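# Chains, contacts and geometry: an overview
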Amino acid sequence: MIGKRIIRFDKLDSTNDYVKQHLNALDHGTIIFAYEQSKGKGRFGNVWVSNPGNLYISLLIKNQEYRDNIFDLHIKVSVVLIELLKKYQIEAYIKYPNDIIIGKRKIAGILIETVGYNKARNIILGIGLNVNQVNFLELNEKATSMFIEIGKELKLDEILSDFIDMFNKKSSYLNMYDKYIKKSIIIGRKIGYQGIIYTVKTVEKNGKILLQNSNGETEIDFDKLTLCKEYKNL
Ligand code: BTN
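In what follows, the accompanying structure is described. The residue numbers shown here count from 1 along each chain, following its written sequence. In view of the model being predicted, local features appear only for residues whose pLDDT reaches at least 70, and side-chain atom pairs are presented and counted only at 80 or more, with totals across whole chains, interfaces and linings using the full set of residues. Side-chain metrics rest on all non-hydrogen atoms present in the structure, leaving aside hydrogens and water.

Before going further, it helps to spend a moment on the sheet that holds strand S9 (residues 196–203). Pairing is antiparallel across the open sheet formed by four strands, whose spatial order is S8-S9-S10-S11. Each edge of the sheet is formed by a strand with only one pairing partner; in this case those strands are strand S8 (190–193) and strand S11 (216–220). Neighbouring strand axes in the sheet, compared pairwise and without regard to direction, differ in orientation by 45° on average. If DSSP finds at least two bridges between two strands, the strands pair. Numbering goes from the N terminus for both helices and strands, where a helix is a DSSP run of H or I of at least four residues and a strand is a run of E of at least two. Examined bridge by bridge, S9 and strand S10 (residues 209–213) share four bridges and lie antiparallel to one another. Following the sheet pairing, Val203 is matched in S10 by Ile209. Only the stretch in contact is used when fitting a helix axis, every axis being a line fitted to C-alpha atoms; angles between N-to-C directions are given from 0 to 180 degrees.

Before going further, it helps to spend a moment on the nonpolar core. By size, the foremost hydrophobic cluster in this structure holds 61 residues, and its most contacted members are Ile100, Leu129, Met146 and Phe163. Per element, the largest residue contribution to this core is ten residues, and it comes from helix H2 (residues 71–87). By size, the runner-up hydrophobic cluster in this structure holds ten residues, among which are Leu12, Tyr18, Val19 and Leu23. Side-chain atoms within 4.5 Å link the members of a nonpolar core, which is a set of buried Ala, Val, Leu, Ile, Met, Phe, Trp, Tyr and Cys residues. The rule is simple: take the accessible area with a 1.4 Å probe, protein chains only, and divide by the maximum for that residue type; under 20% is buried, over 50% is exposed, in between is partly exposed.

With that settled, consider the sheet that holds strand S1 (residues 6–12). Strand order in the open sheet formed by seven strands is S1-S2-S3-S7-S6-S5-S4, with mixed pairing between adjacent strands. Strands at the two margins of the open sheet, each flanked by one partner only, are S1 and strand S4 (93–95). Taken pair by pair, the neighbouring strands of this sheet meet at an average axis angle of 20°, ignoring direction. Relative to strand S7 (residues 122–129), strand S6 (residues 105–115) runs antiparallel, the two being bridged by eight bridges. Bridge pairing in S7 links Ala108 to Leu129.

Any carboxyl oxygen of Asp or Glu within 4 Å of a side-chain nitrogen of Lys or Arg constitutes a salt bridge here. This structure, assessed with the given rule, holds 15 salt bridges. The partner of Glu36 in a salt bridge is Lys11, and the shortest N-O contact between them spans 3.6 Å. On the criterion of sequence distance, the pair formed by Glu36 in strand S2 (residues 31–37) and Lys11 in strand S1 is long-range, its members being 25 residues apart. Lys11 gets classed as partly exposed once you look at its relative accessible area, which sits at 48%. Measuring nitrogen to oxygen at the nearest pair gives 3.7 Å for the salt bridge that ties Glu230 to Lys229. Owing to a relative accessible area of 59%, Lys229 belongs among the exposed residues under this scheme. Within this structure, Asp17, Lys20, Lys41 and Glu113 form a network of salt bridges that share partners.

Around the ligand, a shell composed of 20 residues is seen, among which Ser14, Thr15, Lys41, Arg43 and Lys106 lie nearest. N or O atoms closer than or at 3.5 Å make up a polar contact, with two conditions inside protein: a donor-capable atom paired with an acceptor-capable one, and, for residues adjacent in sequence, both atoms drawn from side chains. A distance of 2.9 Å separates a nitrogen atom of the ligand from a polar atom in the side chain of Thr15. Here a nitrogen atom of the ligand sits 3.0 Å away from a polar atom, N or O, in the side chain of Gln37. When the ligand is considered free in solution it has 420 Å² of accessible area, and contact with the protein chains removes 98% of it. The pocket occupied by the ligand, as judged from atoms lying within 2 Å of grid points, is the largest pocket. Elements supplying a minimum of two residues to the shell around the ligand: helix H1 (15–21), strand S3 (55–61), S6 and S7. For the shell around the ligand, the leading source of residues is S6, giving four residues. When we say a residue is near a molecule or strand, we mean one of its heavy atoms is within 4 Å of it. Only the protein chains shown count as cover for residues, and the accessible areas themselves come from Shrake-Rupley with a 1.4 Å probe. Definitions used throughout: a 1 Å grid over protein atoms alone; a cavity as a set of points that fits a 1.4 Å probe which cannot get out; a pocket as an open set with protein on both sides within 12 Å along at least five of seven lines; a lining residue as one with an atom within 4 Å of a point. Should more than half of a molecule's atoms lie within 2 Å of a pocket's or cavity's grid points, that molecule is taken to sit in it.

These values are about where atoms sit, not about what they do.
Here is the structure:
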């Protein structure tokens, strides 16, 4: 169960960093919520601009569930966000591994961090979901929000409670994986890797990408994929 305890802040530097700094005092499933972040973090060391109006949360995962295959968590959170958006009549897709997009514009970003090793490994799942932001200025081509998509202001508390309910719902791993695959825009796309053109055949259960061409198949990791210009332009 997640979300039994939610700790709210008007402003934090970063909800992920707060969890890291208070790891021992927080129980499994605790959610840290901030209305605003002054140093919101994105992947690859990017800044996640975090003005008031959107959802900024971090969930602490202390149990064993995702320790052996963290990609299961990428799948779970991506599918939950897709279903949450669907509840508000928003049809979104997944840009592997876990960006949530509409067309070419991002509506949610996910930052998964781990702290500690083996049995003492804890996972911090950070989510930034654009809810009520009306204008992204120079990022208007790259970002969207629920408000922009449906023209309605939404209550952050309701969205958070939907997220918690959907995350807590038991669903078989295969069912989740199936939904993830159906919503992944990368599958079927052409990618140039080491000077050779491949079609992305699928995303495997361990999170690797399976590429295929007339000479056969090859598997690549996420870090190699990010080097492909076709991936960047998806
Ligand atoms: C990305 O680059 O796509 C990931 C963005 C993750 C942003 C969220 S907002 C809540 C949590 N706290 C952070 O500092 N980052 C994540």
